[in-house]
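Here's the letter readout for the chains.
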Amino acid sequence: MVQSHGNNDEYFHSEAKVYSLRSNCWRRIKDVCFYLKFNREFGFLANNALHWMVFKTPQSDNRNLVGFDLGSEEFRFVELPDFCLDKLFWFGIKAMGGDLCLTATYREINNVVVDVWIMKEYGVKQSWIKSISWNEPHNISDTPVAVPLAFSKNGNKVLFNIAYKWCNLVKRGGKFVWYDLGSQRVENVGIRDIPTSFDVELYVDSLVPLNSNAPQ
C-alpha cells in the first residue's frame, strides 16, 4: 500500500498492489478506502486476513481496524469493542491464539488498568469479550504498556510483555511475565542477557521456502 499527498492536501495518490509468488510479479488491486497517516506497523494475520490500524479520513484522530482478506483480496473495516476511550492512554491490537486481541491500558483513580478483549466470532462486534481486567500490572509505575503475546499450552496463563511508552507512540524494552487467569498471580520470566531496548514480534514456522524457484 502506497499513499502520498502534498502540503495542505493539495493532491493525494493512493494505490494497493499484491505480489504473487506463483507469477513472480506485482499486480494492482482495488484501491484502499482509508488513510495510513505515516503508519509503519506490520500487518498481523488473523482469520486469513492481514490487519492494520488506519484512519477513515485525513483529519481524523480516531484509528480504525481494517482487514485485508487474502482469499477475496478485499479490504473491510472490523468494528472494535466499546472501551474506555475517555480514560485511555494506550491501546493496541494483535492476533493471539488465532483471534483478534485488543489491549486497552488506562488510569482509574491512582491505578493503572489493563483490559484485554478477544473477538470470538470474526467480524461480529457483539462477540468481543473482555477476558482480562488487570489492576496495577506488576506494580510498574510511570507509563507501563502490558502487551499480551500468547496463551500457555494449557490455556491457563497469558504471556505479557511489560514495556514502556516511548515518544508517545513506540514501546521499547521492559520485561516478560506470566499472568495466571485463575489466581491472577504474576510470575516473572527471566531471559539471560536480554538487551535493554527491544521489540517483540511473533512468527510461525513454514516448510514452504519463499524463493522456491531459486537455483539450488
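Preceding this paragraph is the structure being described.
For clarity, every value in this text was computed on a predicted model and none was experimentally measured.

Visitor: I tried to follow the environment of glycine 71 on my own but got confused; where do I start?
Guide: Considering the arrangement of structural elements, one finds glycine 71 in the loop between strand S7 (64-69) and strand S8 (75-78). You can call glycine 71 exposed: its relative accessible area is 57%.

Visitor: What exactly am I supposed to notice about the nonpolar core here?
Guide: Counting 16 residues, the largest nonpolar core has Leu65, Leu80, Ile93, Leu100, Leu102 and Trp128 as its most contacted members. For this core, the elements supplying multiple residues, two or more each, are strand S5 (44-46), strand S9 (88-96), strand S10 (99-108) and strand S11 (111-119). Built from parts of two domains, this core gets at least three residues from each of domain 1 (1-78) and domain 2 (81-195). When neighbours within four sequence positions are excluded, isoleucine 93 is seen to be in contact with Phe44, Met53, Leu65, Leu80, Cys101, Leu102 and Trp128.

Visitor: In this structure, what is going on with the sheet that holds S5? I would like to understand it.
Guide: Sheet strands pair via backbone hydrogen bonds, and the direction of the pair is either parallel or antiparallel. On the basis of which strands lie adjacent, the open sheet formed by four strands has the order S5-S6-S7-S8 and antiparallel pairing. Each of the sheet's edge strands pairs with one partner strand only, and the pair in question is S5 and S8. Going across the sheet, the axis of each strand differs from the next one's by a mean of 40°, ignoring polarity. Alignment of S7 against S8, held across four bridges, turns out to be antiparallel. Directly across from leucine 65, in S8, lies its bridge partner valine 78.

The rules behind these values
Residues numbered from 1 in each chain as written. Predicted model: local features only at pLDDT ≥ 70, side-chain atom pairs only at ≥ 80, totals over all residues. Heavy atoms only, no water. Helix = DSSP H or I, 4+ residues; strand = E, 2+ residues; numbered from the N terminus. Buried < 20%, exposed > 50% of the residue type's maximum accessible area, 1.4 Å probe, protein only. Core = buried A, V, L, I, M, F, W, Y, C linked by side-chain atoms within 4.5 Å. Domains from an automatic or database assignment. Contact = heavy atoms within 4.5 Å. Pairing = 2+ DSSP bridges. Axes fitted to C-alpha atoms, helices over the stretch in contact; angles between N-to-C directions.

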